[in-house]
Amino acid sequence: MKILVTGGAGFIGSHIIDKLVEKHEVIVLDNFDLQVHKAKPNYLNEKATYIEGDVRDRHVLSNVLEGCEAVFHEAAVVGVGQSMYQIHKYMDVNTLGTSQLLNILVNEEHDVKKLVVAASMSSYGEGAYKCGNCGIVFPFLRTEEQMKQKKWELICKCGKPLHSIPTKENKYQFANSVYALSKKNQEELCLMVGRTYGIPTTALRYFNVYGPRQSLSNPYTGIAAIFLSRLKNNNIPVVYEDGLQTRDFINVSDIADANIFSLNNPNTDYRVFNVGSGLPISIKSIGETLAAMLGKKIHPQVTETFRKGDVRHCYADITALTSLGWKPTISFETGMRELITWSGTQVADDKFEQATQELKEKGLVE
Ligand SMILES: NC(=O)c1ccc[n+]([C@@H]2O[C@H](COP(=O)([O-])OP(=O)(O)OC[C@H]3O[C@@H](n4cnc5c(N)ncnc54)[C@H](O)[C@@H]3O)[C@@H](O)[C@H]2O)c1
């Protein structure tokens, strides 16, 4: 089968490609965005064909789609904070880039029989919670007033403390950044058009993906990569709030497997799935784990300040996809070790302070 991977020079796309080329002919469309790639990455797979071009360019996209029977749509600009001041760019690449792809699938002849789109847990906003009084609740973001008082945990409307529980796919999506909204647009557009025109489509809501090849010089995305870049330069990882906010960290190899699984399993058609580990891990402990594994006596700096729009806890309920047969296989410990080994071969350009300064200038960090 001939398969198109958009954004395939990036972190996740490149791992999908390495698995696909074993059985398929793969064509990649990527504009080699300079924020992600300082130069052409050395991991590009020689069995795949790379076309340098933009997903917003109808002509080039139409050409690369020729003869393709499946599409993995990974191309996107990726950065929650940055999206709040580069609003046009994020909507343009992510939302309109996806509409360009769908426009072609609807209006031109093609052979596409499967579309898998990279969606994101960021579209949930806060995760799901349980209250001793009210049962399962889906709270909105914490107010700025609450955050200023450094009351980090969520409180139910009834006044009781809330406890985080796994988030299921049917939780309402309170997208709380332009990036999150653009990812919500991408999955909804793909599923809606796919259903209408009978193009089997699967949206995979990735949680926090980590692993080799994540850009160590892009300060806008990937907390594990950002901390690693800080530590490799002997700088202190900066942690907002009290550091006990949690996320779900999933290894990139498991994400790539979920993509291949979706391609081969018709039960995933026209559906959306969480792809995470199902385990909550605190942000502070990511910094501590990486420092310990690198053998550095550097402790994360817990700032007790906050970024506007940050969620407190969100981790995945993965039963929808595991009940079909996919499951995560790489433990956090093994995955982090592999990340450290890979990072030893990389030069990390730590641009965290520049990115933070931009957020401060826009009033996005308190
Ligand atoms: N990394 C995560 O934790 C995570 C979590 C949830 C969802 N996702 C989604 O997964 C996908 C892949 O993310 P990633 O972490 O590999 O990011 P990445 O930045 O490493 O890869 C994205 C790739 O898209 C390319 N690209 C950007 N704009 C483009 C354009 N206009 N035309 C063509 N190519 C373009 C970039 O050059 C890059 O190679 C994205 O859609 C992202 O939103 C990632």
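A. Main features of the sheet that holds strand 1 (residues 2-6). Spatially, 3-2-1-4-5-9-13 is the arrangement adopted by the seven strands of the open sheet, whose pairing is parallel. A strand with exactly one partner marks an edge of an open sheet, and here the two such strands are strand 3 (49-52) and strand 13 (271-275). Sheet twist, expressed as the mean angle between neighbouring strand axes with direction ignored, is 20°. Where strand 4 (residues 70-73) and strand 5 (residues 114-120) come together, four bridges link them in parallel fashion. Among the inter-strand pairings, His73 is bridged to a residue of strand 5, identified as Val117. Of the strands in this sheet, strand 1, strand 2 (25-30), strand 3, strand 4 and strand 9 (201-206) touch helix 1 (residues 11-20), which is tilted by about 165° from strand 1.

B. Just the packing of aromatic side chains, in detail. Tallied over the full model, the rule gives seven aromatic pairs. Aromatic side chains Tyr124 and Phe207 sit 6.2 Å apart centroid to centroid with 40° between the ring planes, which places their arrangement in the tilted category. Remark: Phe207 occurs in the loop between strand 9 and strand 10 (208-210) and Tyr124 occurs in the loop between strand 5 and strand 6 (128-131); sequence separation between them is 83 residues. By relative accessible area, which is 0% here, Tyr124 ends up buried. Ring geometry for Phe140 versus Phe174: centroids 5.2 Å apart, planes at 80°, classification edge-to-face. Of this pair, Phe140 sits in the loop between strand 7 (135-137) and helix 5 (144-148) while Phe174 is found in the loop between strand 8 (162-165) and helix 6 (178-197), placing the two residues 34 residues apart along the sequence. One aromatic cluster is present, built from ring pairs that chain together Phe140, Tyr172 and Phe174.

C. Broad picture of the pattern of salt bridges. Applying the stated criterion across every chain yields a total of 21 salt bridges. In this structure, the salt-bridge partner of Asp92 is Arg56, at a minimum N-O distance of 2.8 Å. With Asp92 in helix 4 (residues 87-107) and Arg56 in the loop between strand 3 and helix 2 (58-64), the pair connects residues that are 36 residues apart, well separated along the chain. One salt bridge connects Lys148 with Glu144, and the closest N-O pair in it is separated by 3.8 Å. With Lys148 and Glu144 both in helix 5 and four residues apart, the pair spans about one turn of that helix. The exposure class assigned to Lys148 is exposed, which follows from its relative accessible area of 51%. Connected through shared salt-bridge partners, Arg142, Glu153, Glu241, Asp242 and Arg312 make up one network.

D. Fine view of the site of the ligand. Close contacts around the ligand come from 30 residues, with Ile12, Asp30, His37, Tyr179 and Lys183 the closest. In this structure, an oxygen atom belonging to the ligand sits 2.8 Å away from a main-chain N or O atom of Ile12. About the coverage of the ligand: the protein hides 96% of its 830 Å² of free accessible area. Looking at the shell around the ligand, the elements that each hand over two or more residues are helix 1, strand 5, helix 6 and strand 10. It is strand 5 that contributes the most residues to the shell around the ligand, three residues altogether. Across the shell around the ligand, the residue classes break down as 16 nonpolar, eight polar and six charged.

E. Representation of the pairing of strand 9 in the model. Among the six residues that make up strand 9, six are buried, leaving the element largely enclosed by the rest of the structure. Here strand 9 shows two buried faces, one formed by Thr201, Ala203 and Arg205 and the other by Thr202, Leu204 and Tyr206. With six bridges connecting them, strand 5 and strand 9 associate as parallel partners. When the bridges of strand 9 are listed, Ser120 appears paired with Tyr206.

F. Spatial organisation of helix 1. Most of helix 1 is tucked away: eight of the 10 residues are buried. Among the residues making up helix 1, those that are buried are Phe11, Ile12, Gly13, Ser14, His15, Ile16, Ile17 and Leu20.

G. Up close: the packing of helix 1 against helix 8 (residues 252-264). The N-to-C vectors of helix 1 and helix 8 enclose an angle of 55°; their axes lie 9 Å apart at closest approach. Taken together, the axes of helix 1 and helix 8 lie oblique to each other. Between helix 1 and helix 8 the crossing geometry is right-handed. Between helix 1, through Phe11, Ile12, His15, Ile16, Lys19 and Leu20, and helix 8, the contact on the second element is made entirely by Val252, Ser253, Ile255, Ala256, Asp257, Asn259, Ile260 and Leu263.

The rules behind each value
Residues numbered from 1 in each chain as written. Predicted model: local features only at pLDDT ≥ 70, side-chain atom pairs only at ≥ 80, totals over all residues. Heavy atoms only, no water. Pairing = 2+ DSSP bridges. Helix = DSSP H or I, 4+ residues; strand = E, 2+ residues; numbered from the N terminus. Axes fitted to C-alpha atoms, helices over the stretch in contact; angles between N-to-C directions. Contact = heavy atoms within 4.5 Å. Phe/Tyr/Trp six-rings, centres within 6.5 Å; stacked < 30°, edge-to-face > 60°. Buried < 20%, exposed > 50% of the residue type's maximum accessible area, 1.4 Å probe, protein only. Salt bridge = Lys/Arg side-chain N within 4 Å of Asp/Glu carboxyl O. Near = heavy atom within 4 Å. Polar contact = N/O pair within 3.5 Å; in protein donor to acceptor, adjacent residues only side chain to side chain. Areas by Shrake-Rupley, 256 points an atom, 1.4 Å probe, with all protein chains shown as cover. Nonpolar A, V, L, I, M, F, W, Y, C, P; charged D, E, K, R; others polar. Parallel < 35°, antiparallel > 145°, perpendicular 65-115°, else oblique. Left-handed = near helix turned anticlockwise from the far one by under 90°.

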